[in-house]
Amino acid sequence: MIRRWTADLLLGMRLALGGGGARTALVRLALTAAGVGFGVVVLLTATSVPHLIGARDDRAGARVLDFAATAPGVDPVYALARADEYRGRGLGGYLVQPTGPHPPAAPGVDRLPGPGEAVLSPALVDLLQSPEGELLRPRFPGRVVGTIGEAGLTGPHELYFYVGSATVAQLRDAAPVSRFGAETHRRPLGSLELLLVVVGATTCLVPVFVFVVTSTRLAAAARDRRLAALRLIGADRGQVRRIAAGEALLGSFAGLLAGLGLFQLVRVLVPRITVTAFRGGLFGTDLVPDWRLGVPALLVLPVLACAAAVFALRTVVIEPLGVVRRGTRVRRRLGWRLLPAAAGGALLFTGTDDAESPGVIAGIVLVLAAVPLVLPWLVERVAGLLHGGSPAWLLAVRRLQLDSATAARLVSGVAVVLAGSIALQGVYARTESDRPAPREVKVLASYFATSYADAEAFAAAFRALPGQRDAQLRSRGLIENAAGERASIAVGSCAELLARAGLVDCRDGDVYATGSVGYLPEAGDHVWFDEARRAGPHAVPQWTVPAVHLVAGARGESASLLVTPAALATATGVGLSVSADVPTADPDLVERVRNTVGWNGTVYSLGTETDGTYALITRALSVGSVLVLLFVAGSLLVAAWEQLRERRRSLAALMANGVGRGVLARSLVWQLAIPVAVAVAVAVPAGLALDWLVLTLVVHRPMVVDGPAIAVLTATAIAAVLFVTALTLPALWRTTSLENLREE
């Protein structure tokens, strides 16, 4: 029995290569292989996501400072992390100050830079050398002594740096470290974020399986004629089905090989992707499919293709003298087509609150899979109700009445993408409504000064920026006594204190106490600035508080002490933070502010920040949705071309009997427009229903309907189908040539 089945499968493979003419067979095989190959690429890429994320996290964790570790023979390095931006792109790295000739090894770096040196990522080097990086160069005045390798970067386009400095030890929060690679803990995804991933991935994968099933039915008429010839020479019905499975199996194997080759091409092209959605880009070596997911997925595709080929024969009676199609005489039944939707809804009703649980995932898949199952039934019913109209309309309606399944299969991928996109948009809308309202956009700059003169120099440089001549800057600091009690201070000239705090009288050299709650320094107290005591318990105090004058409530100032510059004349190691607010700023001004602050401070753009994880998920899914829509449009184009090729003799016969090309073109448009209208009528309610199910039952949030977004998605899907139809018109001109009526 095994030998007989093997022989039948091999015969089917041979017929797939040469049956019906070598050229026709190769075209048919190429189309089937293309469908399966696209599916393989998408599945392999999808199963590579866990390894991709894990590899990025591992490399990011390998460069995190480990403050607790000690290593014998390693000279500690003072290090301070810095997170910055340049024109919306993330920019990060470390300021380092080695303490000896044997600093700790950083991943991807041959040696850490010394004062006046820098080690940069290749993308940052390229940016600094390009005209676009003109405003970034002042932040990297040092000599570049090396580049960071792949082991020290999360992606090939990441902007990362190690900058050497002789003053890192004096900066706030700097600490000596002997090792890179501290254990990190990732923030788990929230319920809505998990739901975004699950719905988005399902929306991207279900159309692939739909096209794999559709691709096995290409050139079905020619295949059925070959099978009838086999029946004529003695093959039974079982052999016919096995031979049909063999033909699909060869296309599946060819698709597997093509998909593996295309996946390797994807790994080569992925590092060239520069969209900000991937935060520094992706290394092609990180795209490694998980064999626990990839192998079953690859095995499913040939089985699915063979099952679809055999299942397609249920409406065809292949006899020795020809092929008889049951056509529309056996009306499709709706009952079993609703079972997946009912089962999916039941799984979501009885599922857990975990968005990544198998029940939730299976429920979403089943609800989306019900769309291409219900669509043929509905197209058949709608086509049966249509009548009358122009010749083009009559030709289209009659074609749909004779064969509605083909038209339904052509647009089923679009329907699935539309339904999934509507559900995904609903989760987007719910997530956005849960996010806090955006604050007023402004730039907040903080500079860490080591003396009041340093603070004044920064203030002068800041006020020299365009439009900042009258900018209000404030110098603040923290002092600590021997008991560990802390108090805040505000430093400014008498003119500034009189204007800001409303003092009645002020002399340079005086200190004023505002009476704030907490530790209130008194004259003669020995204090340190900020965290200067971390050098050791025996560190010499940096400032002796002079006479303190008590003022009755200084308006506009919350600091415990108001200090004039001369009062700090005897202080050492002064640590002050100079802050400035810029209510609005153009991009170039923001970069100039960052350059003025340098690495001795921070600059934040308030009101424009986003959650990095949420932004990555939404942008990546947006890119994926566009790619899937292009894939579905391409599959629709391939299938439409194949349908024209199969019908070339009947179309040529119509042309020979006086039917104009314009009538045929309009008929072709109607043949797709009617199923598209039905597909939209199915996809929109299905997407809204899925949106309600996942939001209400999984994450327990009320549904938010974004009408304009749904309208845009629907219009985009319709436009994609019409555009594909327009692309098939040149093929229609060639198909209707009278040369196709010749028989040799």
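Conventions adopted
- The numbering scheme is per chain: residues are counted from 1 as the chain's sequence reads.
- With the structure being a predicted model, the display of local features is reserved for residues of pLDDT at least 70 and the display and counting of side-chain atom pairs for 80 or more, all residues being used for whole-chain, interface and lining totals.
- In computing side-chain values, all of the structure's heavy atoms are included and hydrogens and water are not.
- The way it works is that DSSP assigns letters per residue, a run of H or I at least four long becomes a helix, a run of E at least two long becomes a strand, and they are numbered from the N terminus.
- Buried means the residue's accessible area, taken with a 1.4 Å probe over protein chains only, is under 20% of the maximum for its type, while exposed means over 50%, and partly exposed covers the values in between.
- By definition in these notes, contact holds between two residues if any of their heavy atoms fall within 4.5 Å.
- When DSSP finds at least two bridges between two strands, those strands are taken to pair.
- To obtain an axis, a line is fitted to C-alpha atoms, over the contacting stretch when the element is a helix, and the angle between two such axes runs from 0 to 180 degrees between their N-to-C directions.
- If an angle is under 35 degrees, it is roughly parallel; if it is over 145, roughly antiparallel; if it lies from 65 to 115, roughly perpendicular; otherwise it is oblique.
- Here is the rule for handedness: rotate from the far helix to the near one, and if that takes an anticlockwise turn smaller than a right angle the crossing is left-handed, while a clockwise turn gives right-handed.
- Think of a salt bridge as a Lys or Arg side-chain nitrogen and an Asp or Glu carboxyl oxygen that are within 4 Å of each other.
- Patches were defined on residues exceeding 30% relative accessible area and lacking a salt bridge, with like-charge contacts within 9 Å and nonpolar side-chain contacts (Val, Leu, Ile, Met, Phe, Trp, Tyr) within 5 Å.
- Each accessible area is a Shrake-Rupley estimate made with a 1.4 Å probe; only the visible protein chains count as cover when residues are assessed.
- Whenever two N or O atoms come within 3.5 Å, that pair is a polar contact, provided that in protein one can donate a hydrogen and the other can accept it, and provided that, for residues adjacent in sequence, both atoms are side-chain atoms.
- Any cysteine sulfur atom paired with another within 2.5 Å is treated as part of a disulfide.
- Scored from 0 to 100, pLDDT reflects the predictor's confidence in each residue.
- With strands facing away from the observer, any crossover in which the path from the first strand over the helix to the second runs clockwise is taken as right-handed.
- Only rings of Phe, Tyr and Trp enter the pairing, Trp through its six-membered ring, and a pair is recorded when the two centres are within 6.5 Å. The plane angle decides the type: under 30 degrees is stacked, over 60 is edge-to-face, the rest tilted.
- For a Lys NZ or an Arg CZ to count as sitting over a ring, it must be within 6 Å of the ring centre and within 35 degrees of the ring normal.
- Each nonpolar core is a collection of buried residues, namely Ala, Val, Leu, Ile, Met, Phe, Trp, Tyr and Cys, held together in the definition by side-chain atoms within 4.5 Å.
- Amino acids are sorted into nonpolar (Ala, Val, Leu, Ile, Met, Phe, Trp, Tyr, Cys and Pro), charged (Asp, Glu, Lys and Arg) and polar (every other residue, Gly among them).

**Student:** Which parts of the structure should I look at to understand the overall build of the protein?
**Tutor:** Each helix and strand in the protein was counted, giving 19 helices and 18 strands. Expressed as a percentage of its 744 residues, the buried residues of the protein come to 48%. Within the protein, residue pairs in contact and separated by at least 24 positions form 82% of the contacts whose partners lie at least 6 positions apart.

**Student:** Help me out: how do you make sense of the sheet that holds strand β1 (residues 77-86) in this one?
**Tutor:** Within a sheet, adjacent strands bond to each other through the backbone by hydrogen bonds, running parallel or antiparallel. One open sheet accounts for six strands, arranged β4-β3-β5-β2-β1-β6; its pairing is mixed. The sheet terminates laterally at β4 (143-147) and β6 (175-177), the two strands that pair on one side only. For this sheet, the mean angle separating the axes of adjacent strands, direction not counted, is 35°. Relative to strand β2 (residues 89-98), β1 is paired through ten bridges, and the arrangement is antiparallel. The partner of A79 across the bridge, within β2, is V96.

**Student:** I would appreciate a short explanation of the packing of helix α10 (residues 358-385) against helix α18 (residues 661-698) in the present structure.
**Tutor:** Two quantities define a packed helix pair, namely the angle between the helix axes and the distance between the axes. Between α10 and α18, whose axes approach to 9 Å, the crossing angle comes to 155°. Relative to α18, the element α10 lies roughly antiparallel. α10 and α18 meet at a crossing whose hand is right-handed. Residue-level inspection shows V360, I364, V367, L368, V371, L375, L378, V379 and V382 of α10 in contact with α18, the latter providing P675, V678, A679, V682, A686, L690, V694 and V698.

**Student:** Help me out: how do you make sense of the pattern of salt bridges in this one?
**Tutor:** Pairing of side chains with opposite charge becomes possible as their charged atoms draw close. Enumeration according to the criterion identifies 13 salt bridges in this entry. We note a salt bridge from R594 to E85, for which the minimum N-O separation is 3.8 Å. Of the two residues, R594 is situated in helix α15 (residues 587-597) and E85 in strand β1; the sequence distance between them amounts to 509 residues. Since its relative accessible area comes to 3%, R594 is described here as buried. Residue E85 is classed as partly exposed on the basis of its relative accessible area of 35%. R381 is paired through a salt bridge with E380; the nearest N and O atoms lie 2.5 Å apart. What makes E380 buried here is its relative accessible area of 9%. Each of D84, E85, R139, E591 and R594 takes part in one network of salt bridges that share partners.

**Student:** Explanation requested: a nonpolar patch on the surface in the structure shown.
**Tutor:** Together, F38, L262, L265, V268 and L269 give the surface a local cluster of nonpolar side chains, amounting to about 420 Å² of exposed area. Looking at the nonpolar patch, the element that brings in the most residues is helix α7 (residues 237-269), giving four residues. Tracing the backbone shows L262 in helix α7.

**Student:** How should I be thinking about the side chain of E117 in this particular structure?
**Tutor:** Within the fold, E117 resides in strand β3 (residues 117-120). The class for E117 is buried, based on a relative accessible area of 13%. Side-chain polar atoms of E117 contact the side chain of R111, separated by 3.2 Å. Leaving out residues up to four positions away in the same chain, E117 has contacts with R111, R143, V145, Y162, V163 and G164.

**Student:** I keep staring at the pairing of strand β17 (residues 576-582) and nothing clicks. Help me out?
**Tutor:** Looking down a regular strand, the side chains alternate between one sheet face and the other. In terms of residue burial, β17 counts as a mostly covered element, since five of its seven residues are buried. Bridging between strand β10 (residues 473-480) and β17 involves four bridges; their strand directions are antiparallel. Bridging from a neighbouring strand, R474 pairs with S579 of β17.

**Student:** So what exactly am I meant to see when it comes to the state of the cysteines here?
**Tutor:** By definition, a disulfide is the covalent link that joins the sulfur atoms of two cysteine residues. Following the criterion strictly, the structure yields one disulfide and no others. Shown here is the disulfide that connects C494 with C506, its sulfur atoms set 2.2 Å apart. Between C494 and C506 the sulfur-sulfur dihedral comes to about -75°; the bridge is accordingly left-handed. In this pair, C494 sits in helix α14 (residues 494-501) while C506 sits in the loop between α14 and β12 (511-513), placing the two residues twelve residues apart along the sequence. Pair check on accessibility: C494 and C506 agree, each one buried.

**Student:** It is not clear to me how the confidence of the model for the protein should be interpreted in this structure. Could you clarify?
**Tutor:** One rule of thumb: low pLDDT means the predicted coordinates there are not for detailed reading. Averaged over all residues, the pLDDT of the protein is 77; the fraction at 70 or higher stands at 74%. For residues 607-611, every residue scores under 50 in pLDDT, and the model assigns this stretch eleven contacts once sequence neighbours within four places are set aside.

**Student:** In this structure, what is going on with the pairing of β3? I would like to understand it.
**Tutor:** Alternating residues of β3 divide into E117 and V119 and A118 and L120, and every residue in both groups is buried. Assessed by its sense of winding, the connection that carries the chain from β3 through helix α4 (residues 122-129) to β4 is right-handed. Pairing between β3 and strand β5 (residues 159-164): three bridges, direction antiparallel. By the bridge assignment for β5, V119 is matched with Y162.

**Student:** What's the story with the packing of aromatic side chains in this structure? I'm lost.
**Tutor:** The geometry of an aromatic ring pair is captured by two quantities: the separation of the ring centres and the angle between the planes. Tallying each qualifying case throughout the model produces twelve aromatic pairs. Taking 6.1 Å as the distance between ring centres and 25° as the angle between the ring planes, the aromatic pair formed by F529 and W543 counts as stacked. Placement of the pair is F529 in strand β13 (residues 526-529) and W543 in strand β14 (residues 543-544), with a sequence separation of 14 residues. Since its relative accessible area comes to 1%, W543 is described here as buried. An aromatic cluster is defined as three or more aromatic residues linked by ring pairs; in this entry it consists of Y94, Y160, Y162 and F180. If you follow R63 out to its NZ or CZ, it ends over the ring of Y160, 3.7 Å from the centre.

**Student:** For this particular structure, what's the right way to read the side chain of S446?
**Tutor:** For S446, the position within the fold is in strand β9 (residues 442-449). With a relative accessible area of 16%, S446 lands in the buried category. Apart from the residues within four sequence positions on either side, S446 is in contact with S577, V578, S579, V597, N600, G601 and T602.

**Student:** What is the right way to look at α4 in this model?
**Tutor:** Because an α-helix packs 3.6 residues into every turn, residues spaced three or four apart end up facing the same way. Of all the residues in α4, the buried ones are A123, L124, V125, L127 and L128. Where α4 is buried, its residues contact β1, β2, β3, β4 and β5.

**Student:** Please explain the environment of G359 as it appears in this structure.
**Tutor:** Note that G359 resides in helix α10. Taking the C-alpha atoms as reference, G359 lies 9.5 Å from A346; in sequence the two are 13 residues apart.

**Student:** I'm lost on the nonpolar core in this one. Help?
**Tutor:** If you look at soluble globular proteins, the nonpolar side chains tend to sit buried side by side. Within the largest apolar cluster, 38 residues are counted, with the highest numbers of intra-cluster contacts made by F462, W543, V563 and V593. Of all the elements, helix α13 (residues 452-463) adds the most residues to this core, at five residues. Once residues lying within four places of it in the same chain are set aside, the contact partners of V563 are I489, A490, V491, G492, L497, D510, V511, W543 and L568. L375, V379, V411 and L690 belong to the second-largest nonpolar core, a separate cluster that totals 37 residues.

**Student:** Looking at this structure, how should I read the packing of helix α9 (residues 339-350) against α10?
**Tutor:** Viewed as axis vectors pointing N to C, α9 and α10 meet at an angle of 160°, and their least axial separation amounts to 7 Å. In terms of axis orientation, α9 runs roughly antiparallel to α10. Viewed along their axes, α9 and α10 form a crossing whose handedness is left-handed. For the pair α9 and α10, the contacting residues are P340, A341, A343, G344, G345, L347 and L348 in the first and G359, V360, A362, G363, I364, L366, V367, A370 and L373 in the second. Within the contact of α9 with α10, the residues separate by chemical class into twelve nonpolar, four polar and no charged.

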